[in-house]
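Spelled out from the first residue to the last, the chains are:
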Amino acid sequence: MSSFRTVYIYLFVFSFLITSCSKKAIAPSSNVQSSIRMDIETLAADDMQGREIGTEGERKAGEYIAKRFAQIGLKTAGENNSYFQTFKRKKSGNPHGDESTSNGVEVTGRNVLGYIDNKAATTIIIGGHYDHLGYGHEGSLYVGELAIHNGADDNSSGVAGVLYLADVIKKSGLKNHNYLFICFSGEEKGLWGSNFFVNNTTFDKKSFNIMLNMDMIGRLNAERKLAISGVGTSPDLESILDKIKKPKFSIKKDLSGMGPSDHASFYNAEIPVLAFFTGQHSDYHKPSDDAHLINYEGVYDIVDYIYQVVVALESKGKLPFTKTKDESQARMAFSVTLGVMPDYLYDGVGLKLDGVKDGKPAQVSGLTKGDIITKMGELEVPDMQSYMKCLSIFKPGQTIDVKFLREGKEMTKSVTF
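Keep in mind that this is a model prediction, so the values were computed, not measured.

What follows is about the nonpolar core. Proteins that are soluble and globular tend to have nonpolar side chains buried together. Counting residues in hydrophobic clusters, the biggest one holds 64 residues, and the most contacted among them are Ile 65, Ile 126, Ile 169, Phe 181 and Leu 274. By residue number, the principal contributor to this core is helix H8 (residues 296-313), which donates 12 residues. Apart from residues no more than four positions distant in its own chain, Phe 181 is found in contact with Phe 69, Leu 74, Val 112, Leu 113, Gly 114, Ile 116, Ile 126, Val 162, Leu 165, Ala 166 and Ile 169. Among the nonpolar cores identified, the runner-up in size contains 19 residues, and Leu 338, Ile 373, Cys 390 and Phe 417 belong to it.

Laid out in C-alpha cells, this is it:
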C-alpha cells in the first residue's frame, strides 16, 4: 500500500481537518475519522518499511509527522528551528531494556516536536512513539521469514491521536497551558527518544505539568476496555477521569506511573503522567498489525476522551506529583520466561493470559489463551507484579506446578523452564 497520496486526494482528505470544536468535547464527524484513518494508513504503509529507528522508513515517517505539524500550525520546537531533535544511541537487543545489552552499533534517531506557545507558566505534553520494528530483526514475535512490521496499532494509532489532538487544541482557544506535542523514536529499543528528551530538553522541566501518552489505542474491543495508567501520579487525576461520562468505556485504572512505554521517562523525572492503552492482541509485534484491523471509531472515542481530560486541566494550575507504590521496588532480572502475553486489561485476581508463544514453556505444558494463573510453585500470583517476582526467582531447567483457572475450573500443569 502506498503511503503518499496524490496531491488531489491528499488535499481532499486534509480539507476535512477544518472542523469546529467546543471546549467541552470534539464535535462528532466522519471527517474526524477520515483524518485519523489517513494518518494511520500513511504511517503503517509498506512504504515506511516498519519505521525502525535509524532507517529510511523512520526518516520518512518523521518527515510526514513534521509536515502535519506544520499544516496544523504548530511552532517548531526542535533543533535549528526545525521540528526534529536528533539523538544517537548504541543498539540494544533488549526491547524496553537498557544499554547493558548494547552490541556496539550506533544508530541515529529523531524525535518530532511541535509547540503551542500560550506564554503560560505550565506546559502539557502529549505524545506517542512513531518507531516500530522494521523487518522484525529484533523484538518480533513472528515465526517466519523477515517481513515488514507495519505497526498500525503499535504505534501509528497513538501518533494519529497526537496529530488529531494537536489540531483540535490549536483551534480550541485553550490558553491556560502551553502544549508540547512529541512523537518519539527509539521506544521499541528501550524508551530511547523519551529518555533523551527528558534529559536533554531546552524547556524548563519545572514547567511540565503532565505527560499524556498514547501507545496502542487502535484495538478497542467490543467490551470497550481501556487501560489508563499513572492515575496515582497526582492526587487530582482520578477525580478528573471520574467526571468524564462520555464516551463511555470499561476503564481499568492503574495507579503506577511506570510501564514499558514513554510515559515512564517522564514519571522518573517526577512529572505526573497518564497513559492510554487498549490492550495487546495476537498481531502484536507481528507483520499482521495492519491498518485494516484498526477500530477507527474506537480511536476517535479515545482521543475525544483525552481531549476532555485536557479541557478539565484548563482549570487546574501546577499539578502536584506523587510517587506510586512501585517507586521503591528493585528492577527485576529474569533468567526464565513462561512465554505468555498477559491480558493487561484484566482486573481480577491472578494473571490472565491473552496469548501463549509457540514452543515456550506455557504452550508446551498446555496453558492457553484465557487461562488465569493463580499460583506458581509455592508462590501465589494475585497480580502482574507477583508474576514478575516469580520469574525473578525460578531458574532454567526448574520444573514447577502452575495452578490456574480455565472457564472457572481450577487446574494444574507441570511447567519446565
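Still more ground to cover, so stick around.
This paragraph deals with helix H4 (residues 152-172). Between the first and last C-alpha of H4 there are 28 Å, a value that for 21 residues agrees with the 30 Å anticipated at 1.5 Å per step. Along H4, 19 of the 21 residues are buried, which leaves the element largely enclosed by surrounding structure. Positive phi appears at Gly 173, one or two residues downstream of H4, with a value of about 85°.

On to the pairing of strand E6 (residues 208-214), then. Of all 7 residues making up E6, 7 are buried, and the element is well covered by its neighbours. Pairing between strand E4 (residues 123-129) and E6: 5 bridges, direction parallel. Across the sheet, the residue bridging to Ile 125 is Met 211, located in E6. The pairing of E6 with strand E9 (residues 273-277) spans 4 bridges and is classified as parallel. Counterpart to Asn 213 in the pairing with E9 is Ala 275.

Okay, the packing of aromatic side chains next. Throughout the structure, instances matching the rule amount to 11 aromatic pairs. Where Tyr 267 meets Phe 321, the ring centres are 5.6 Å apart and the plane angle is 50°; that geometry is what we call tilted. Of this pair, Tyr 267 sits in helix H7 (residues 263-267) while Phe 321 sits in the loop between H8 and strand E10 (340-342); the two residues are 54 residues apart in sequence, bridging distant segments of the chain. Judged by centre distance (5.8 Å) and plane angle (70°), the ring pair of Phe 277 and Tyr 344 falls under edge-to-face. Of the two residues, Phe 277 is situated in strand E9 and Tyr 344 in the loop between E10 and strand E11 (351-356); the sequence distance between them amounts to 67 residues. We classify Phe 277 as buried; its relative accessible area is 18%. For Tyr 344, a relative accessible area of 30% gives the class partly exposed. Chaining the aromatic ring pairs together yields one cluster made of Tyr 115, Phe 184, Phe 197, Phe 203, Phe 208 and Phe 266. The ring of Phe 84 has Arg 110 lying over it, and the distance from NZ or CZ to the ring centre is 3.7 Å.

What counts as what
Residues numbered from 1 in each chain as written. Predicted model: local features only at pLDDT ≥ 70, side-chain atom pairs only at ≥ 80, totals over all residues. Heavy atoms only, no water. Core = buried A, V, L, I, M, F, W, Y, C linked by side-chain atoms within 4.5 Å. Buried < 20%, exposed > 50% of the residue type's maximum accessible area, 1.4 Å probe, protein only. Helix = DSSP H or I, 4+ residues; strand = E, 2+ residues; numbered from the N terminus. Contact = heavy atoms within 4.5 Å. Expected span 1.5 Å × (residues − 1). Pairing = 2+ DSSP bridges. Phe/Tyr/Trp six-rings, centres within 6.5 Å; stacked < 30°, edge-to-face > 60°. Lys NZ or Arg CZ within 6 Å of the ring centre and 35° of its normal.

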